[in-house]
Amino acid sequence: MRLISVELKRQEEEEERERQGSGAAASNKKTSGGQDESKTDVPEDFDIDMENPETEKAAVAIQSQFRKFQKKKRDEKS
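In this text the structure is predicted, and so the values were computed from the model without any measurement. (Residues numbered from 1 in each chain as written. Predicted model: local features only at pLDDT ≥ 70, side-chain atom pairs only at ≥ 80, totals over all residues. Heavy atoms only, no water.)

Student: Give a detailed account of the overall build of the chain, specifying residues and quantitative values.
Tutor: The secondary structure content of the chain amounts to four helices and zero strands. A fraction of 69% describes how many contacts in the chain between residues 6 or more apart in sequence connect residues 24 or more apart. (Helix = DSSP H or I, 4+ residues; strand = E, 2+ residues; numbered from the N terminus. Contact = heavy atoms within 4.5 Å.)

Student: I'd love a proper account of the pattern of salt bridges, names of residues and values included.
Tutor: A full pass over the atoms with the stated rule returns three salt bridges. Lys 73 serves as the salt-bridge partner of Glu 15, at 3.8 Å between the closest nitrogen and oxygen. Taken together, the residues span a long stretch of sequence, with Glu 15 in helix H1 (residues 2–19) and Lys 73 in helix H4 (residues 53–77) at a distance of 58 residues. Given the relative accessible area of 15%, Glu 15 is considered buried. Salt-bridge contacts for Lys 57 lead to Glu 54; the nearest nitrogen and oxygen are separated by 3.7 Å. (Salt bridge = Lys/Arg side-chain N within 4 Å of Asp/Glu carboxyl O. Buried < 20%, exposed > 50% of the residue type's maximum accessible area, 1.4 Å probe, protein only.)

Student: Let's hear about the packing of aromatic side chains: which residues, and what values?
Tutor: Geometry of an aromatic ring pair is reported as the spacing of the ring centres plus the angle between the planes. One pass over the full model with this rule turns up one aromatic pair. Centre to centre, the rings of Phe 66 and Phe 69 are 6.3 Å apart; their planes meet at 40 degrees, and the pair counts as tilted. Residue Phe 66 and its partner Phe 69 are located together in helix H4, separated by three residues, close to a single helical turn. For Phe 69, a relative accessible area of 47% corresponds to the partly exposed category. (Phe/Tyr/Trp six-rings, centres within 6.5 Å; stacked < 30°, edge-to-face > 60°.)

Pasting the structure below:
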């Protein structure tokens, strides 16, 4: 459940930055490891194995559904 919360929070923050017009600049910030800064800012009590392939599959599935939701929401406004 925490993975879902962390992913949704990160995606909401990205969406907010895009609304403010700084989405392109803010989302392109990378650390030397090639990961977003938000992914490295993980709470101390985070107990999900982020290296597990099943976790990665779950994150991709969540992101895919969220992107579909965003697209549908955007299309309804048009």
